[in-house]
Amino acid sequence: MVRQLIITCDDCGLSEGINYAAVSLHQKHASTTTSILTNFPAAIHAYDLFAQYPSLKCGVHLNLTDGYPLRKIASPSPITRADGQFIARQVLFAQALRPSLLFLELVEAELTAQIEHFIESKLTAFNLTTHMHFHIFPALRTIVYRIALKYNITRVRAHRFTSTVLPFNPLFHFGYSRARQANSLAKLQSDYLMPVLFWLGTSPEVFSRRLETLEGVIEVVVHPSTASDETFPQGVPYLPNKRFQELQYLEKALLISTL
């Protein structure tokens, strides 16, 4: 099986520091792709910055849990609180288990608006990912797949726990990538997902060795940032200093893998 490594910088568009960090990684050949939150002001900065790097692929980081929706809707609603911001992750997940028709309609309309916002930038959408991985829920995943097909986006992040590469995952198995080939929609997915965040308690050498055991399409996910970032929005809990640790860890791990 041909091995393809995709290294995605998540949460681009959340702040300018994150955007600059993504470019820095790309210049060091440590990232291939960005995933942009389109509903934050720094998304415009991301569009303009990334357009200067044609070799850096861009995608949309679909979002239903942070900030404000792009569409103006009466709030509170099934996807927004009284102040107009998105509902909390736990509330979203609870509704996704037994979704109402209105909830699904609002979700699809908002995610479509986020895609359209990206398209207006004139960038080409390489992939779709979801903030807080909400497409693990079938009702929401169906919408994500439908949008991907509608806009001819050929790559969607893997969603199954069995294909997520963690330091300890007893449900992981290598056969999933081959078994999925029979499912035409699943062919949109990468074979494996390897989030740097969950490997920070191990050495970069361990991460590198694990990565080298994989075949197929492997997506490594990093949440990069500059060490400090005055543009980072208030209320987002995963702070720049922690994100900067991810960036440094990934750089070390990839350096080891090329030795």
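The rules behind these values
- Residues numbered from 1 in each chain as written.
- Predicted model: local features only at pLDDT ≥ 70, side-chain atom pairs only at ≥ 80, totals over all residues.
- Heavy atoms only, no water.
- Phe/Tyr/Trp six-rings, centres within 6.5 Å; stacked < 30°, edge-to-face > 60°.
- Helix = DSSP H or I, 4+ residues; strand = E, 2+ residues; numbered from the N terminus.
- Buried < 20%, exposed > 50% of the residue type's maximum accessible area, 1.4 Å probe, protein only.
- Salt bridge = Lys/Arg side-chain N within 4 Å of Asp/Glu carboxyl O.

**Q** Break down the packing of aromatic side chains for me, citing the residues and quoting the values.
**A** This model, assessed by the stated rule, comprises five aromatic pairs. With a centroid separation of 5.9 Å and an interplanar angle of 85°, the aromatic rings of Tyr47 and Phe118 are classed as edge-to-face. On the criterion of sequence distance, the pair formed by Tyr47 in helix H2 (residues 42–50) and Phe118 in helix H4 (residues 101–120) is long-range, its members being 71 residues apart. On the accessibility criterion, Tyr47 (5% relative accessible area) is buried. Phe118 gets classed as buried once you look at its relative accessible area, which sits at 1%. An angle of 85° between the planes, with centres 5.8 Å apart, marks the rings of Phe207 and Tyr249 as edge-to-face. Taken as a pair, Phe207 in helix H7 (residues 204–211) and Tyr249 in helix H8 (residues 240–257) lie far apart in primary sequence, 42 residues in all. As far as the burial class goes, Phe207 and Tyr249 line up, both buried.

**Q** Explain the pattern of salt bridges to me, and be specific about the residues and the numbers.
**A** Going through the model one piece at a time under the given rule, you end up with six salt bridges. In this structure, Asp10 engages Arg157 in a salt bridge whose closest nitrogen and oxygen atoms are separated by 2.8 Å. Of the two residues, Asp10 sits in strand S1 (residues 4–12) while Arg157 sits in the loop between helix H5 (138–150) and helix H6 (176–179), which places them 147 residues apart along the sequence. For Arg157, a relative accessible area of 4% puts it in the buried group. When the shortest N-O distance is used, the salt bridge between Glu219 and Arg157 registers 2.9 Å. Pair noted here: Glu219 is in strand S6 (residues 217–222) and Arg157 is in the loop between H5 and H6, with a separation of 62 residues, a long-range link. For Glu219, a relative accessible area of 3% puts it in the buried group. Salt bridges sharing common partners tie together Asp10, Arg157 and Glu219.

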